[in-house]
Amino acid sequence: MTKQKIVPHLWFNQEASEAAQFYTSIFPDSKLTNVNTIHDTPSGDSDVVSFQIGGHSFMAINGGPHFQFNPSISFFVNFDPSRDPNARENLDQLWNDLSQGGTPLMPLQEYPFSKHYGWIQDKYGLTWQLILREPDEMERPFIVPSMMFVQDVYGKAEEASDFYMSVFNESKRGEIARYSAGMEPDQEGTVMYTDFMIENQWFTAMDSAYPHNFNFNEAISLLVRCENQEEIDFYWEKLSSEPSAEQCGWLKDQYGVSWQVWPEVMGEMMTHGTEEQMERLTKTFLQMKKFNIEKLREAYTGK
């Protein structure tokens, strides 16, 4: 399996480790892969947790109460009867597990687009769309991040997905379905559903004109793992469109989606560093906007 280039990054107040343990206990093919603690951040000591659920890599951080999850970015969970004879039962079991302290946004039932589907907000506020796929549908991964374009970026789902496909390699459009006339408040021609691949990873996007009291924010960002400074410079220049949002490798694109342009070497240093090395590294990266690998290495080695 190729390494996952783009990793969903989840911002918790203080529950990152607890949530990771919860998710890895209820999803198949899941495990906790790493926990690091960064000391003396603006939010105090922060756990950074790496884990896999359904074979999909995630990262999470305890960052304090600054951002709240909302449904603008959710995660499709695809149950495919052609690959799993117990797909429906497994979907129902996961729905029950996510229902503990959770809130259904769309009840689990039959819809025109699916015989068995539900959208649920779990006890941490993260939202999941559980769907039973049809046998004739194109094969898709078990977990697919999904973006909903609302309010001031309504109608931009197609443009944004085209933009992402132009920035990243190994990209292609999958399906696209548009709203037709008479589906107000959604405008004819806007995107009811599309999926697209970037870096060999599937994402979905949709427009929704219904009144929503949320938009994209930093609670869920997309972390791009970069091998070298050239990659960091490239993605930073292509994606960043809001100078005030640039901080510690974070940026916002023109649609309000948060990204992190992250040097792979940083993860290695955080995993293997001594307390003194981590202290120097943290002090240095907290002062950066775009990460500079050379300066991070200098801080880490103390040279």
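Residues numbered from 1 in each chain as written. Predicted model: local features only at pLDDT ≥ 70, side-chain atom pairs only at ≥ 80, totals over all residues. Heavy atoms only, no water.

Considerations on the sheet that holds strand E8 (residues 127–132)
Threshold: Strand pairing requires that DSSP identify at least two bridges connecting the strands. We count a stretch as a helix when DSSP gives it H or I for four or more residues in a row; a strand needs E for two or more, and each element gets its number in order from the N terminus. Orientation is described by axes fitted as lines to C-alpha atoms, over the contacting stretch for helices, and by angles from 0 to 180 degrees between their N-to-C directions. The criterion used for residue contact is that any of the two residues' heavy atoms lie within 4.5 Å.
Spatial ordering of the open sheet is given by E6-E7-E8-E5-E9-E12-E11-E10, a layout of eight strands whose pairing is mixed. The sheet is open, and its two borders are formed by strand E6 (103–111) and strand E10 (172–178), each paired with just one other strand. Adjacent strand axes in the sheet meet at a mean angle of 20 degrees when their direction is disregarded. Sheet strands touched by helix H3 (residues 157–167): strand E9 (143–149), E10, strand E11 (191–198) and strand E12 (201–207). Its angle to E11, the strand with the most contacts, is close to 5 degrees.

Comments concerning empty space enclosed by the protein
Which entries qualify depends on this criterion: Cavity: a set of points on a 1 Å grid over the protein atoms alone where a 1.4 Å probe fits but cannot get out. Pocket: an open set with protein on both sides within 12 Å along at least five of seven lines, its lining residues, like those of a cavity, having an atom within 4 Å of a point. Grid points are joined across faces, edges and corners, and a volume is the space filled by probe spheres set on the points. For this classification, the nonpolar set comprises Ala, Val, Leu, Ile, Met, Phe, Trp, Tyr, Cys and Pro, the charged set comprises Asp, Glu, Lys and Arg, and every other residue, Gly included, is treated as polar.
Within the structure shown, the criterion is met by one cavity of 30 Å³ or more. Volume-wise, the largest cavity comes out at about 40 Å³. Looking at the largest cavity, the residues that line it are Phe69, Asn70, Ser72, Ile73, Phe216, Asn217, Ala219 and Ile220. Split by residue class, the lining of the largest cavity holds five nonpolar, three polar and no charged.

Thoughts on the nonpolar core
Selection rule: Definition used in this section: a nonpolar core is a set of buried Ala, Val, Leu, Ile, Met, Phe, Trp, Tyr and Cys residues joined via side-chain atoms within 4.5 Å. Relative accessibility decides the category of a residue: with a 1.4 Å probe and only protein chains considered, values under 20% of the type maximum give buried, values over 50% give exposed, and everything between is partly exposed.
Counting residues in hydrophobic clusters, the biggest one holds 84 residues, and the most contacted among them are Leu10, Tyr23, Phe27, Trp128, Tyr164 and Trp259. Counting residues in each nonpolar core, the second largest holds 13 residues, with Ile131, Val150, Trp202 and Met206 among its members.

Some words on the environment of phenylalanine 79
Within the fold, phenylalanine 79 resides in strand E5 (residues 73–79). For the pair phenylalanine 79 and glutamate 159, spaced 80 residues apart in sequence, the C-alpha separation works out to 29 Å.

Some thoughts on the packing of aromatic side chains
For clarity, the threshold we go by: Think of it this way: a Phe, Tyr or Trp ring, Trp meaning its six-membered ring, pairs with another when their centres are within 6.5 Å, and the plane angle makes it stacked under 30 degrees, edge-to-face over 60, tilted otherwise.
One pass over the structure, following the stated rule, counts 31 aromatic pairs. Residues phenylalanine 12 and tyrosine 124 carry aromatic rings whose centres are separated by 6.0 Å and whose planes lie at 85 degrees to one another, so their mutual orientation is edge-to-face. Here tyrosine 124 lies in the loop between strand E7 (114–121) and E8 and phenylalanine 12 lies in strand E1 (residues 6–12), a separation of 112 residues in the sequence. We classify tyrosine 124 as buried; its relative accessible area is 14%. An angle of 40 degrees between the planes, with centres 5.5 Å apart, marks the rings of phenylalanine 75 and tryptophan 128 as tilted. Of the two residues, phenylalanine 75 is situated in strand E5 and tryptophan 128 in strand E8; the sequence distance between them amounts to 53 residues. Judged by relative accessible area, phenylalanine 75 falls into the buried class, the value being 0%. Looking at tryptophan 128, the relative accessible area reads 0%, which means it is buried.

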